[in-house]
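Examination of the molecular architecture
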Amino acid sequence: MEMKEIRALIAQMTLEEKAGLCSGDDFWHTKAVERLGVPRTMVSDGPHGLRKQDQRVDHLGVNDSIKAVCYPAACAAAASFDPDMIAAMGEAIGESCQHEGLSVVLGPAVNIKRSPLCGRNFEYYSEDPYLAGEMACAMIHGVQSKNVGTSIKHFAANSQEHRRMSSSSDADERTLREIYFPAFEMAVKREQPWTVMCSYNKINGVYASQNRWLLTDVLRGEWGFNGYVMSDWGAVSDRVAGVAAGLDLEMPSSNGVNDRKIVAAVREGRLDEKLVDLACERILNIVFRFAENARPDTPWDKEAQHAQAADIAAECMVLLKNEGGILPLNRADAVAFIGEFAEKPRFQGGGSSHINCFRITGALEAAKGLNVTYARGYDAARDEATDDMIEEAVRAAKAAKVAVVFAGLPDSYESEGYDRQHMRMPECQNRLIAAVAAANPNTVVVLHNGSPVEMPWIGQVRGVLEAYLGGQAVGMATVRVLYGDVNPSGHLAETFPVKLSDNPSFLYYGGEGDRTEYREGVFVGYRYYDKKDMDVLFPFGYGLSYTSFAYSDLRLSADAMRDTDTVTATVTVRNTGSRFGKTVAQLYVGALGGDWIRPVRELKGFRKVALQPGESRQITFTLDKRCFAVWNEQIHDWYAPSGQYEIAVGDSSRDLPLRAALTLTAGRLPRKYTMDSIFIDLMADPKAKPIVEEFMSKAGPNEIENDHSDAAGEAISEEMNIAMFNYMPLRALLSFGGDQSTADAVDALLRRLNGE
Ligand code: BGC
């Protein structure tokens, strides 16, 4: 429907109807206005499958929803580093939505993994904003290609569950712009999600649901968002302030209470009716976009999606350790599968994203026909391993050539709604792994978890396969990877620190009362560990393969650029092993020196490359200003400082064999000098330097440039003299600048410096 038709419809609506349209009809529907032909539309959780609830509504996944297909959760999906595959998953979900008449799927969720403790990390992509943004773009592209909307969430800075509906995430603007916003920014600018879901929390004291700077100035004004903003479920505090801030749809409803407040505010002149019209316009635009493109006859082939979910899960698995090539397993060898997760995998997390799967395939079932025995090892729900269970596991391990322990976090250890208390695995599982490893040196651990865990047994086992929460077909994928039918190619989208206290947010995470300060600033994840040069258990970007790759010939199209140029970096990747495999080429950019406090390097490009044995391929990355930029609060914009940069390429943030240097020249920052401006800054400015030099040469003998050793009666080194000059403000000329530095002369100098 054309905008002018939508506006004409709105013009026929009463204020009550308009206010009503700005909140849900029930938990999952927008309101109809029957007399005007406005249909009700349904939204539904996901985002890694559908959670369409019908009658007995609840939004935490307690009541059953329709039978659907559960794809790998975001924690796993991001490890694929494969946007094309994520887009294909999005297409499948989009088709299922069409089949079920769902206008919007509530996701992707792109909040940054600030701490391993966040209960919802499994739903989020990464500690890195660029990777999270690329994955979100792919997902949105896929879903929306089927004329179904997405709702990128939770906007913004929602990286903890603790006190999630009242806590304020307090961060400086640079941190928000560089770490917590870019995934949203990329998605909005590139893919225009039909909707955005604001978060529960406050940002610097103002609820996201009524934060005008966030929802209007940044999201629409700067990024050009043109869909509607909906609240997270129950995120509205002051509805009238929300309408004014740009929150279009309140979900679910407040049973009319907030609608009446909107009406009263308009009637009393506290809220401009035009803002209510605008919210209606944005909502109806999307309502009709779906209604006019609804395809209820779209088939939903769950069997095919189950197979696709297995294929995707296999691409997400990260091989963390493979000592002596213990993996892949030999089909003929006797293998013991140990641990309840082999039979009943943990493949998704709890809360609003919980999917009612039409089928679940565990590894034990998928291994039918192979030479595999099974011992339960522990009871995940009771979180215990009895002596009998451990003895049985040890017997099975001893009788086998290889023991594979399926371990990880039980449901109760991580979930929407609360944060983890620690980063440990269940003690009973750690005990089991140690006992099995002692009984059989050929022990491999398969992990099912949504967030990093400590691994006290890492030195005792020969292999570790991180399977994450890989969706309902994870067992098929696991068996394929274990036996080498699929060569693992996932890479970590997050750092595994050695211990929780290594994490940069450790001292502040969770905050005090309703205030959480993001004091580590931009130093999140590898940005911190690299800066501190710390050992980690497994670094960001890391992942092994059953084959090997060589990276060579990094070439830049130029070794110098202006901030208005782009530069390309090409690199050759070769499969040097004897199996087909995929690597993830990663490009990082780091500033060498300069005034800004910055991470050592940051991910600015990646490419998943599939290669036959012996095959090589050249890949190209394009670098623009943004790859070098910081958020400059002085100019309120992105700024790429002049200087030397290092471009580093490899297949992990800690394994970057290729390096090249690049010099960047930035445009001049708009500057206003004052009497307090210091000489080191003046002399660094090519425009100011000659003016200062000319003044100094005319000023005659002065103390500033003199050797102070006589005056002070003791030796003052040349270095100290220079430093004293460097850090002196312009006003110091009046005291130390000699006879010519009169007040008038220094005033005139300042005016010249400011180009007046
Ligand atoms: C969650 C959202 C979810 C919504 C609807 C909220 O509790 O934070 O992610 O989409 O519920 O179920």
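Everything numeric in this text was worked out from a predicted model, so none of it was measured. (Residues numbered from 1 in each chain as written. Predicted model: local features only at pLDDT ≥ 70, side-chain atom pairs only at ≥ 80, totals over all residues. Heavy atoms only, no water.)

1. Describing the domain arrangement of the chain
For clarity, the threshold we go by: Boundaries between domains were set according to an automatic or database domain assignment.
One can read the domain layout of the chain as domain 1 (306-531), domain 2 (549-665) and domain 3 (679-753). Look at where the C-alpha atoms of domain 2 and domain 3 centre, and you get two points 42 Å apart.

2. Some remarks on the state of the cysteines
Where we set the bar: Two cysteine sulfurs form a disulfide in these notes if their separation is within 2.5 Å. Partly exposed describes any residue whose relative accessible area lies between the buried limit of under 20% and the exposed limit of over 50%, with all areas from a 1.4 Å probe on protein chains only and scaled to the type maximum.
Throughout the structure, instances matching the rule amount to 0 disulfides. There is no disulfide at Cys 280, and the cysteine sulfur nearest it, in Cys 22, is 4.0 Å away. Residue classification places Cys 280 among the buried residues on the basis of a relative accessible area of 0%. The thiol sulfur of Cys 627 is not disulfide-bonded, and the nearest other cysteine sulfur, from Cys 137, lies at 14 Å.

3. Quick word on the pairing of strand E25 (residues 658-665)
Put simply, the test is: A helix here means a DSSP run of H or I that spans at least four residues, while a strand means a run of E at least two residues long, and both kinds are numbered starting from the N terminus. Here, a strand pair is defined by DSSP locating no fewer than two bridges between the strands.
Covered by surrounding structure in E25 are Leu 658, Ala 660, Leu 662 and Leu 664 only, the residues Arg 659, Ala 661, Thr 663 and Thr 665 on the alternate face being uncovered. Pairing geometry for strand E17 (residues 560-562) and E25, over 3 bridges, is parallel. If you follow Ala 560 over to E25, its bridge partner there is Thr 663.

4. A few points about the environment of Arg 190
Note the threshold: Nitrogen and oxygen atoms within 3.5 Å of one another constitute a polar contact, given that in protein one can donate a hydrogen and the other can accept it, and given that sequence-neighbouring residues count only through two side-chain atoms.
Along the chain, Arg 190 turns up in helix H7 (residues 182-191). With a relative accessible area of 46%, Arg 190 lands in the partly exposed category. Taking the C-alpha atoms as reference points, Arg 190 and His 141, 49 residues apart in sequence, are found 9.1 Å from one another. Side-chain polar atoms of Arg 190 contact the side chain of Glu 134, separated by 2.9 Å.

5. Considerations on unusual backbone geometry
With an omega dihedral of -5°, the bond running from Lys 153 to His 154 counts as a cis peptide bond. Along the chain, the position of His 154 falls in strand E3 (residues 149-155). Residue Met 251 is joined to Pro 252 through a cis peptide bond whose omega torsion reads -15°. Even without a glycine there, the phi angle at Gln 192 is positive, about 40°. Looking at the element boundaries, Gln 192 is found in the loop between H7 and strand E5 (195-198). Residue Asn 255 is not a glycine yet carries a positive backbone phi of 55°. Looking at Asn 255, the relative accessible area reads 69%, which means it is exposed.

6. Comments concerning the packing of aromatic side chains
Here is the rule we go by: Between 30 and 60 degrees the pair is tilted, below 30 it is stacked and above 60 it is edge-to-face, where a pair is any two Phe, Tyr or Trp rings, Trp via its six-membered ring, whose centres lie within 6.5 Å. Criterion for a charge above a ring: Arg CZ or Lys NZ at most 6 Å from the ring centre, at most 35 degrees from the ring normal.
A complete count under the given rule lists 21 aromatic pairs for this structure. Summarising the aromatic geometry, the rings of Phe 155 and Phe 181 are spaced 5.8 Å apart at their centres and angled 50° between planes, so their arrangement reads as tilted. Here Phe 155, found in strand E3, pairs with Phe 181, found in the loop between helix H6 (173-180) and H7; they are 26 residues apart in sequence, far enough to count as distant. Overall, the relative accessible area of 0% leaves Phe 181 in the buried class. Relative to Trp 223, the ring of Phe 181 lies with its centre 5.9 Å away and its plane at 85°, an arrangement referred to as edge-to-face. In this pair, Phe 181 is assigned in the loop between H6 and H7 and Trp 223 in the loop between helix H8 (212-222) and strand E8 (228-231), connecting sequence segments 42 residues apart. By the burial criterion, Phe 181 is buried, and Trp 223 matches it. Members of the aromatic cluster, joined through ring pairs, are Phe 81, Tyr 130, Tyr 526, Phe 540, Tyr 588 and Phe 606. Above the plane of the ring of Trp 194 lies Arg 289, whose end atom (NZ or CZ) is 5.1 Å from the centre.

7. A word on the site of the ligand
Quick reminder of the rule: Nearness is judged by heavy atoms alone; a residue qualifies as near a molecule or strand once a single heavy atom is within 4 Å of it.
In the region of the ligand, 15 residues are neighbours, and Asp 45, Arg 120, Lys 153, His 154 and Asp 232 sit closest. Within the side chain of Tyr 200, one N or O atom sits 3.0 Å away from an oxygen atom of the ligand.

8. Some points on the sheet that holds strand E20 (residues 602-611)
By definition, the strands of a sheet pair up through backbone hydrogen bonds, in either a parallel or an antiparallel sense. Threshold: Axis lines are fitted through C-alpha atoms, for helices just across the contact stretch, and the angle between N-to-C directions can take any value from 0 to 180 degrees.
Taken in spatial order, the 5 strands line up as E17-E25-E24-E19-E20 in an open sheet, and their pairing is mixed. Every interior strand has two partners, whereas the edge strands, E17 and E20, have only one. Recorded for the sheet is a direction-independent mean angle of 25° between the axes of neighbouring strands. Pairing between strand E19 (residues 581-592) and strand E24 (residues 643-650): 7 bridges, direction antiparallel. In the sheet register, Val 589 faces E24, and the bridge partner there is Ile 647.

9. Let's talk about the pairing of strand E1 (residues 42-45)
Side-chain alternation along E1 places Met 42 and Ser 44 on one buried face and Val 43 and Asp 45 on a second face that is also buried. The sheet contact formed by E1 and strand E2 (residues 102-106) spans 4 bridges and is parallel. By the bridge assignment, Asp 45 is partnered in E2 with Leu 106.

10. A look at the sheet that holds strand E11 (residues 372-375)
Here we have 6 strands laid out as an open sheet, ordered E9-E14-E13-E12-E10-E11, and mixed in their pairing. Two strands bound the open sheet, and with one partner strand each, they are strand E9 (318-322) and E11. Each neighbouring strand pair of the sheet contributes to a mean axis angle of 20°, computed without reference to strand direction. When E9 meets strand E14 (residues 463-466), the two strands line up antiparallel, connected through 4 bridges. Across the sheet, residue Lys 321 finds its bridge partner in E14, namely Val 464.

11. Examining the side chain of Lys 321
To be explicit about the condition: Here a residue-residue contact requires only that any non-hydrogen atoms of the pair lie within 4.5 Å.
Counting through the fold element by element, Lys 321 comes out in strand E9. We classify Lys 321 as buried; its relative accessible area is 16%. At 2.7 Å, the side chain of Lys 321 and the backbone oxygen of Ile 458 are in polar contact. A polar side-chain atom of Lys 321 sits 3.0 Å from the main-chain carbonyl oxygen of Val 461. Residue contacts for Lys 321: discarding those within four places in its chain leaves Ile 458, Gly 459, Val 461, Arg 462, Gly 463, Val 464 and Leu 544.

12. A closer look at the packing of helix H20 (residues 688-698) against helix H24 (residues 743-753)
Rules: By the definition adopted for this analysis, an angle is roughly parallel if under 35 degrees, roughly antiparallel if over 145, roughly perpendicular if from 65 to 115, and oblique otherwise. Here is the rule for handedness: rotate from the far helix to the near one, and if that takes an anticlockwise turn smaller than a right angle the crossing is left-handed, while a clockwise turn gives right-handed.
Running from amino to carboxyl end, H20 crosses H24 at an angle of 160°, the nearest separation of the two axes being 10 Å. Considered as vectors, H20 and H24 are oriented roughly antiparallel to each other. Considering only the axes of H20 and H24, their crossing is right-handed. Within the contact between the two elements, H20 uses Ala 688, Ile 691, Val 692, Glu 694 and Phe 695 and H24 uses Ala 745, Val 746, Leu 749, Arg 752 and Leu 753.

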